Amino acid sequence: MSWEQAVSVVALVLALAAVVVGVVVLRRLAEARARVPGLVGHEDTGAVKDAAPTGPPAVVINPTKVSDAEKLRALAVEVCAELGLPEPMWLETTADDPGHGQAVQAREAGASVVVAAGGDGTVRAVASALAGSDTPMGLLPLGTGNLLARNLDLPVEGGARSMLSTAFTGSEHRIDLGWLRPHRLVTPEPPPPPEDTDTAPEVTAPGSAEPEPPVEPDEEHLFLVMAGVGFDAAMVAGADEDLKARMGWLAYFVAGAKHLHGRKVRLTMRIGDGTVVPLRLRSLLFANCGRLPGGMVLLPDAEINDGWLDIAALDTRGGVLGWASLFGKVVLQGLGVRRQLPGQPGSIEFWRGREVEVRCDQPEPIQVDGDLIGEADRIEVRVQPGGLLVRTR
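These figures come from a predicted structure and were not determined experimentally. (Residues numbered from 1 in each chain as written. Predicted model: local features only at pLDDT ≥ 70, side-chain atom pairs only at ≥ 80, totals over all residues. Heavy atoms only, no water.)

### So, the overall build of the protein
Now for step 1: Each helix and strand in the protein was counted, giving ten helices and 14 strands.
Now for step 2: Across the 393 residues that make up the protein, the buried fraction comes to 50%.
Now for step 3: Looking at the protein alone, contacts between residues at least 24 apart form 75% of all its contacts between residues at least 6 apart.
Now for step 4: For the protein, the accessible surface area stands at approximately 19,400 Å², while carbon and sulfur atoms represent 53% of it. (Helix = DSSP H or I, 4+ residues; strand = E, 2+ residues; numbered from the N terminus. Buried < 20%, exposed > 50% of the residue type's maximum accessible area, 1.4 Å probe, protein only. Contact = heavy atoms within 4.5 Å. Areas by Shrake-Rupley, 256 points an atom, 1.4 Å probe, with all protein chains shown as cover.)

### Topic: the side chain of Ser133
Now for step 1: Relative to the helices and strands, Ser133 is located in the loop between α4 (120-130) and β4 (137-141).
Now for step 2: Here Ser133 falls in the buried class, since its relative accessible area comes to 12%.
Now for step 3: At a separation of 3.3 Å, a polar atom in the side chain of Ser133 contacts the main-chain amide nitrogen of Thr135.
Now for step 4: Dropping the residues within four chain positions of it, Ser133 is found in contact with Arg107 and Arg174. (Polar contact = N/O pair within 3.5 Å; in protein donor to acceptor, adjacent residues only side chain to side chain.)

### Let's talk about the confidence of the model for the protein
Now for step 1: Residues of the protein with pLDDT of at least 70 account for 62%, and the chain-wide mean is 76.
Now for step 2: Across residues 17-37, confidence stays below pLDDT 50; counting only partners more than four residues off in sequence or on other chains, it has 32 contacts.
Now for step 3: A low-confidence stretch, residues 249-257 (pLDDT under 50), is modelled with 27 contacts involving residues beyond four sequence positions or located in other chains. (pLDDT = per-residue confidence, 0-100.)

### Quick word on the packing of helix α2 (residues 69-82) against helix α6 (residues 160-169)
Now for step 1: Running from N to C, α2 and α6 cross one another at 50°; their axes reach a closest spacing of 10 Å. It follows from the interaxial angle that α2 and α6 lie oblique. In this structure, α2 crosses over α6, and the sense of that crossing is right-handed. For the pair α2 and α6, contact is made by Leu72, Leu75, Ala76, Glu78, Val79, Cys80 and Glu82 and by Ala160, Arg161, Leu164, Ser165 and Phe168, respectively.
Now for step 2: Its residues assigned to classes, the contact of α2 with α6 shows eight nonpolar, one polar and three charged. (Axes fitted to C-alpha atoms, helices over the stretch in contact; angles between N-to-C directions. Parallel < 35°, antiparallel > 145°, perpendicular 65-115°, else oblique. Left-handed = near helix turned anticlockwise from the far one by under 90°. Nonpolar A, V, L, I, M, F, W, Y, C, P; charged D, E, K, R; others polar.)

### Considering the packing of aromatic side chains
Each pair of aromatic rings is reported with the distance of its centres and the angle of its planes.
Now for step 1: The tally for this structure, following the rule as stated, stands at zero aromatic pairs.
Now for step 2: Over the aromatic face of Trp308 sits the side chain of Arg354, whose NZ or CZ is 3.7 Å from the ring centroid. (Phe/Tyr/Trp six-rings, centres within 6.5 Å; stacked < 30°, edge-to-face > 60°. Lys NZ or Arg CZ within 6 Å of the ring centre and 35° of its normal.)

### Description of the environment of Val277
Now for step 1: Mapping Val277 onto the fold places it in strand β9 (residues 276-281).
Now for step 2: Apart from the residues within four sequence positions on either side, Val277 is in contact with Leu267, Thr268, Met269 and Trp351.

### With respect to the pattern of salt bridges
Now for step 1: Summed over all chains, the structure comprises 15 salt bridges.
Now for step 2: A salt bridge links Asp153 to Arg393; its shortest N-O distance comes to 3.6 Å. Here the residue Asp153 occupies a position in the loop between α5 (147-151) and α6, and Arg393 occupies one in the segment after β14 (371-392), the gap between them amounting to 240 residues.
Now for step 3: What makes Asp153 buried here is its relative accessible area of 19%.
Now for step 4: Arg393 gets classed as partly exposed once you look at its relative accessible area, which sits at 37%.
Now for step 5: The closest approach of N and O atoms between Glu357 and Arg359, which form a salt bridge, is 3.1 Å.
Now for step 6: Arg359 sits in the partly exposed class, given a relative accessible area of 45%.
Now for step 7: Salt bridges here are not isolated pairs; linked through shared partners, they connect Arg181, Glu357, Arg359, Arg378 and Glu380. (Salt bridge = Lys/Arg side-chain N within 4 Å of Asp/Glu carboxyl O.)

### Describing the environment of Val368
Now for step 1: Relative to the helices and strands, Val368 is located in strand β13 (residues 355-368).
Now for step 2: Val368 sits in the buried class, given a relative accessible area of 0%.
Now for step 3: What Val368 contacts, discounting residues up to four positions off in sequence, is Arg124, Leu180, His221, Leu222, Phe223, Met226, Ala227 and Ile373.

### Observations concerning the side chain of Asp310
Now for step 1: Relative to the helices and strands, Asp310 is located in strand β11 (residues 309-316).
Now for step 2: Of the polar contacts made by the side chain of Asp310, one reaches the side chain of Arg352; its length is 3.2 Å.
Now for step 3: Not counting residues up to four positions away in its chain, the partners in contact with Asp310 are Leu285, Phe286, Ala287, Leu299, Asp301, Ala302, Glu303, Trp351 and Arg352.

### Some words on α4
Now for step 1: With respect to burial, α4 is a largely interior element, nine of its eleven residues being buried.
Now for step 2: Burial in α4 covers these residues: Asp120, Thr122, Val123, Arg124, Ala125, Val126, Ala127, Ala129 and Leu130.
Now for step 3: Gly132 sits one or two residues past α4 and shows a positive phi near 80°.

### Notes on the packing of helix α3 (residues 100-108) against α4
Now for step 1: As a packed pair, α3 and α4 sit with axes 8 Å apart at the nearest point and diverge in direction by 40°. Viewed along their axes, α3 and α4 adopt a mutual orientation that is oblique. The element α3 and its partner α4 pack so that their crossing is right-handed. Contacts between α3 and α4 involve His100, Ala103, Val104 and Arg107 on the former and, on the latter, Ala125, Val126, Ser128, Ala129 and Leu130.
Now for step 2: Taken together, the residues of the contact of α3 with α4 sort by class into six nonpolar, two polar and one charged.

Next up, the structure:
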């Protein structure tokens, strides 16, 4: 790590320490609000009333996220017995199928609920299989981010028993889904090592080079919380897996320090069939809900069942000072302070839309709910209102 990166890490740690008080206040405010943000107080939430289970619960579990899968399975059986439910179906994910196929199997077997037990990737896979259906999804977070569970204010800190009880018997609400379709998606490969040879490089005949694999026209990537282009995707890509296991979401901030002085992204954004906005920024985010790890609120107006995508353009200048200013704005937004003062080195701009198209000057990294999916120079993003039935407390 260079001295510039080391200084950046120290500055970020100091910035995080400065916002701890704000985070505590935000959590207290959240406790004073409705328990399920965005799902209470709306007459059109599509809440399902006392739907009788049609089959046993099903648990789709990523076994790599838990130290003792059999112990957890025994707990699920025990909780079902206590609640008067039949023994749950138990379906483990694999490297080839991270949960979609297992959730389809459970849905077709008539499961009363399909519980996604794993990280954000498992949740996305299960949700994609249940999208548009009447089969509810429950959550048993086992990863480091657990963004959807936190945005739904589920009892994450209460342990597996509390989460399973909520998933098996909680109230049901419909939430929106976000979908992102990349064009000309490529997975960057590291450059080959230099060859220690005097042999002339092999010349490929014109037209014989293998083309970049395009994404199929109908392939879309689901997100439940947030998708993004630029810095946030680079930060996700740079997060060390071992560090994530030890530090949780703080590992992303450490990874982000490596990209504080990176180049800005140039793009053009079209919202629906109307507004066209040229932008030069650090990151462009599309949010289904607005809460970040640590309790911070990036998009205060984003609600998970309002039928809209909330869009945020984040920009900084002045290096570490700009990023510190941006962190401060995020905290203040959660406290209801929205005013943008002129001349500040960090800025956030907001829009709303149901369909968004983005064209970048060059391929940029893309992330959905914390998973890097590759690079693309054009993406289409849309919202599916009420696309998923979820269990909450």
